[in-house]
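Summary of the model geometry
Read off the chains here:
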Amino acid sequence: MTERADTEIATARNPGLSSDEVARLVERGEVNDVPVRSSRSTADIVRANVFTRFNAIIGVLFLIILVVGPIQDGLFGFVIVANTAIGIFQEMRAKRTLDSLALVGEAKPMVRRDGTAAEIPTSGIVLGDLIELGPGDKVVVDGQVAEADNLEIDESLLTGEADPVLKHPGDTVMSGSFVVAGGGAFTATKVGRQAYAAQLAEEASRFTLVNSELRNGISQILKYVTWMMVPAAVGLIISQFTVESHDAREAVRRTIGGIVPMVPEGLVLLTSVAFAIGVVRLGRKQCLVQELPAIEGLARVDVVCLDKTGTLTEGGMDVNELRMLDGARQPYTASVLAALGAADPHPNASLQAIIDAYPHAGADGWRCTDTLPFSSARKYSGAALTEPDGTTGTWLLGAPDVLLPAGHPALADVDRLNDQGLRVLLLARTGLDLDDPQVSADVLPQALVVLEQRLRPDAGDTLRYFADQGVHAKVISGDNAVSVGAVASTLGLPGAERPVDARRLPAERDAMARVLEDGSVFGRVTPQQKRDMVGALQSRGHNVAMTGDGVNDVLALKDADIGVSMGSGSEATRAVAQIVLLDNSFATLPSVVAEGRRVIGNITRVATLFLTKTVYSVLLALLVVFWQIPYPFLPRHLTLLSTLTIGVPAFFLALAPNKERARPHFVKRVLRYATPAGIICGLASFLSYLVARHHYTGSGALDAETSAATLTLFLLEVWVLAIVARPYTWWRVALVLAMVVGFLIVLVTPWLQSFFALRLVGSEVPWMAVGIAAVGGVVLEVVWAWVRRREDRVLATA
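What you see is a predicted model, and the numbers here were worked out from it, not measured in a lab.

1. Remarks on the overall build of the protein chain
Within the protein chain one finds 28 helices and 21 strands. For the C-alpha atoms alone, the extent of the protein chain along its principal axes is close to 120 × 65 × 40 Å. Relative to its full complement of 798 residues, the protein chain shows a buried share of 57%. Restricting to contacts in the protein chain with at least 6 residues of sequence separation, those with at least 24 account for 74%. Approximately 32200 Å² of the protein chain is accessible, and the part contributed by carbon and sulfur atoms is 58%. The averaged location of the 83 negative side-chain charges in the protein chain is 10 Å from the averaged location of its 71 positive side-chain charges.

Structure representation (structure tokens):
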């Protein structure tokens, strides 16, 4: 009798709930109703975009302007409304993409009802359901083990305990743990929000923005801005009401004109939009980004650890050859292999290839009495078989270099086959029982099973992409190191010709890190070693991404900076990974890297524009307080300048292609450029204002003075925009020119002149304003060139 027959008997003995029982439980609400969310709710999105600190500041100032008028000085309020609406729209669009992809990638547990096992959605499980488990399956609700066949559960994600726990009937299992070996079934005892990991699952809603250098950096910048705004705004309020004591409405308008540009109101919005559009773009390529910082994080990665099986090679394999040892007979050996295949209800890829080559029909008359499921830590599986004539024997199938002693003659053949990139398993017989700890110590080899792996056609191109981008690829596999090295060499991985056997890796973290930095291919790696290797690389300052699809990759995926799982991988790997490649294509990873670089590079450009405005606004407020003169601008002037030199260009620049390598220290980089740019813009426009004040007199003098200062400030802001937009493409040049044309249209159109209170009087002062802007632009170029060279030197020595 085979294991498959045993399973059929177990199913008959415990058929699970009936349809009527399920219907009654659903009516009582005893169903696993925890929402499976891959994104923030609609209410969360609206709340996050509307109720912000700076929206509150702008909103109050807008209401004040509505009282004192005119309406054109309140244009900034309408801009904020439009920006917020755009942000909500884009995030809702990303939410729909994420939710639809999450449904595609959602695992469906195997539930036994009415004596039949079928896949159902996790949300359809009811209290008392009988849920079947196999290697790689995640325990989705709390329960009690009903059936166990060498069932080993890894609870490390919940308890921190690294060693798998062997479960027996009656033992409890917790949601969030996963199967590493064997199989069985458990009865659901807690469902919905009562389950152990339900709160963790809800907290892991997929639209999180935690641990993002970009987001954390922007929060830090906003904190700095708040500190600068408060004293500057207080001083400006006192100053303007003192200077304009005869006209309170004018004082209010000038004060608000100074405060509004201090607020980098669109910076957070554009960051959210850039991330959201990145999700949509990757979604079209069947890439599910379960946590948004993963887009950014993979762009910062400098080491990517690849599991060979399922990543560089396709999951399936074929039996290439059966090589007999020590006089064993091929027909007999073929029957043993067929019996081993029939004995395992949850075959891995290697055993499935053997089953395909030696079907169950070849094991007629054979009976399985005990099994030892495959484990990545052991590197072998086994079964106790009874032959048709009643002879009993214990058989092992696994890694030859683990089962055979060093120097065994068969290992020479294994090495030659591994050099060709072939995978080799040893079929051996032992006189010990399967539960004997020394079962593999003294075996009688019977045959070498030679398997041919199927290389992914796109793997070579992807490895070359990473090499070109300065990302070091490390192939980490449980297979023989020589075999893995041969596969990696075929794909052109640098350093693959020097594979390292992980059994000889030093245990000390620093020593391990040195070996890892020097090597590219590592074989015979245990699951715990994968985790240790990720930690060792991180200890040397590397940002590490880990890819994999097997249950043995879960711990490493969880600890890596970015975990990437294949869509066809085990449920456990998909649960802990930040990125799931639903089409199982390793070639999608470059798209994720490129999207992350687009987001980081473009937000750095955009942040520079916004922070330049904040710096010159604070500086102008302080200069006005010191000189005790009217603030040079009304809100309408700065709304116009912000729209033409920041708002519209920033939207296009934030979403443009960008292949620049991600650089660290986001806040420092932005402030290095924005601070001198803001100081130059502020000083130059204030100088134009002072010169104009000495030149113009009469009732319309203030408007003429403001117009001259506005011209200088616009020209310098366009200069900043032109620098930020580099390297130039046709559309970037067109973008800058369009903004210039837009300003010229305002200057030459009478009703726009009146609306924005902009009228250049005479020729002497306007040309002087242009001259000051030209000098400021030259100084800006020199200063930024110096900052750039200094930054490049620091990166070169890092």
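2. Describing the packing of aromatic side chains
Scanning the model with the defined rule gives 12 aromatic pairs in all. On the numbers, 5.9 Å between centres and 45 degrees between planes, the contact of Y224 with W227 is tilted. You can see Y224 and its partner W227 sitting in helix 8 (residues 213–243), 3 residues apart, about one turn around the helix. With a relative accessible area of 55%, W227 lands in the exposed category.

3. Some points on the confidence of the model for the protein chain
Chain-level statistics for the protein chain give a pLDDT mean of 83 and a share of 91% at 70 or above. Per-element averaging of pLDDT across the protein chain places helix 1 (residues 3–13) at the bottom with 43 and helix 26 (residues 730–748) at the top with 94. The low-confidence segment residues 1–12, where pLDDT is below 50, has 21 contacts with residues more than four positions distant or belonging to other chains. Counting interchain partners and residues more than four positions distant, the pLDDT-below-50 stretch residues 200–210 has 31 contacts.

4. Thoughts on a nonpolar patch on the surface
Taken together, L63, L66, I71 and F78 make up a surface patch of nonpolar side chains, about 390 Å² in accessible area. Within the secondary structure layout, L66 lies in helix 4 (residues 53–68).

5. Some remarks on the nonpolar core
Proteins that are soluble and globular tend to have nonpolar side chains buried together. Within the largest apolar cluster, 128 residues are counted, with the highest numbers of intra-cluster contacts made by L298, I579, F586, F666 and F743. Top element by residues in this core is helix 22 (residues 589–627). It accounts for 17 residues. The contact partners of I579, leaving out residues within four places of it in the chain, are C287, L288, A294, L298, I562, G563, V564, S565 and V592.

6. Describing the sheet that holds strand 18 (residues 521–523)
If you trace the 8 strands from one edge of the open sheet to the other, you get 8-21-20-19-9-16-18-17, paired in mixed fashion. Every interior strand has two partners, whereas the edge strands, strand 8 (287–289) and strand 17 (500–501), have only one. Summarising the sheet, strand 8 and strand 21 (residues 579–581) pair through 3 bridges and their orientation is antiparallel. Of the residues in strand 21, the one forming a bridge with V289 is I579. Most of the contacts of helix 19 (residues 527–539) go to strand 19 (residues 544–548), to which it runs at about 160 degrees, and overall it touches strand 9 (303–306), strand 16 (472–476), strand 18 and strand 19.

7. What to know about the packing of helix 22 against helix 24 (residues 666–695)
Contact pair helix 22 / helix 24: the axes reach a minimum separation of 6 Å and the direction vectors enclose 40 degrees. By the angle class used here, helix 22 and helix 24 are oblique. The handedness of the crossing between helix 22 and helix 24 comes out as right-handed.

8. Describing the environment of G541
Tracing the sequence through the fold places G541 in the loop between helix 19 and strand 19. With relative accessibility at 59%, the residue G541 sits in the exposed group. Between the C-alpha atom of G541 and that of A117, which follows or precedes it by 424 residues, the distance is 48 Å.

9. Quick look at the pattern of salt bridges
Throughout the structure, instances matching the rule amount to 23 salt bridges. Among the salt bridges present, the one from E152 reaches R378, with a minimum N-O distance of 3.4 Å. In this pair, E152 sits in strand 4 (residues 142–154) while R378 sits in the loop between strand 11 (367–375) and strand 12 (380–386), placing the two residues 226 residues apart along the sequence. Residue E152 is classed as buried on the basis of its relative accessible area, which comes to 15%. The partner of D401 in a salt bridge is R503, and the shortest N-O contact between them spans 2.9 Å. You can see D401 sitting in helix 14 (residues 400–403) and its partner R503 sitting in the loop between strand 17 and helix 18 (509–518), a full 102 residues away along the chain. Look at D401 and you get buried, because its relative accessible area is 17%. Beyond isolated ion pairs, a larger network of salt bridges with shared partners links D401, D501, R503 and R524.

10. A closer look at helix 25 (residues 701–724)
Taking 1.5 Å of rise per residue, 24 residues should cover 34 Å, and helix 25 covers 35 Å from first to last C-alpha, within 8% of that figure. Along helix 25, 20 of the 24 residues are buried, which leaves the element largely enclosed by surrounding structure.

11. As for unusual backbone geometry
Cis geometry marks the peptide bond from R726 to P727, where omega comes out at -5 degrees. Relative to the elements of secondary structure, P727 occurs in the loop between helix 25 and helix 26. A positive phi angle is found at D114, which is not glycine, with a value near 55 degrees. Assignment of secondary structure puts D114 in the loop between strand 1 (110–113) and strand 2 (116–119).

12. Section: the pairing of strand 7 (residues 178–190)
Looking along a regular strand, one sees the side chains alternate between the two faces of the sheet. Among the 13 residues that make up strand 7, 10 are buried, leaving the element largely enclosed by the rest of the structure. Alignment of strand 3 (residues 130–133) against strand 7, held across 4 bridges, turns out to be antiparallel. The partner of I131 across the bridge, within strand 7, is F186. Bridge count between strand 4 and strand 7: 10 bridges; the pairing is antiparallel. By the bridge assignment, E147 is partnered in strand 7 with A185.

13. Concerning helix 10 (residues 265–283)
Between its first and last C-alpha, helix 10 extends 28 Å over 19 residues, near the 27 Å set by a 1.5 Å rise per residue. Judged by how many residues are buried, helix 10 sits mostly within the fold: 16 of 19 residues are covered.

14. Here we look at the side chain of N55
Examined against the element boundaries, N55 turns out to sit in helix 4. Relative accessible area serves as the criterion here: at 15%, N55 is assigned to the buried category. A polar contact is formed between the side chain of N55 and the backbone oxygen of V50, at a distance of 3.1 Å. Filtering out sequence-adjacent residues up to four positions away, N55 remains in contact with N49, V50, I80 and T84.

Rules used in this analysis
- Residues numbered from 1 in each chain as written.
- Predicted model: local features only at pLDDT ≥ 70, side-chain atom pairs only at ≥ 80, totals over all residues.
- Heavy atoms only, no water.
- Helix = DSSP H or I, 4+ residues; strand = E, 2+ residues; numbered from the N terminus.
- Buried < 20%, exposed > 50% of the residue type's maximum accessible area, 1.4 Å probe, protein only.
- Contact = heavy atoms within 4.5 Å.
- Areas by Shrake-Rupley, 256 points an atom, 1.4 Å probe, with all protein chains shown as cover.
- Lys, Arg positive; Asp, Glu negative; His and termini not counted.
- Charge placed at Lys NZ, Arg CZ, Asp CG, Glu CD.
- Phe/Tyr/Trp six-rings, centres within 6.5 Å; stacked < 30°, edge-to-face > 60°.
- pLDDT = per-residue confidence, 0-100.
- Patch = residues over 30% accessible without salt bridge, like charges linked within 9 Å, V, L, I, M, F, W, Y side chains within 5 Å.
- Salt bridge = Lys/Arg side-chain N within 4 Å of Asp/Glu carboxyl O.
- Core = buried A, V, L, I, M, F, W, Y, C linked by side-chain atoms within 4.5 Å.
- Pairing = 2+ DSSP bridges.
- Axes fitted to C-alpha atoms, helices over the stretch in contact; angles between N-to-C directions.
- Parallel < 35°, antiparallel > 145°, perpendicular 65-115°, else oblique.
- Left-handed = near helix turned anticlockwise from the far one by under 90°.
- Expected span 1.5 Å × (residues − 1).
- Polar contact = N/O pair within 3.5 Å; in protein donor to acceptor, adjacent residues only side chain to side chain.

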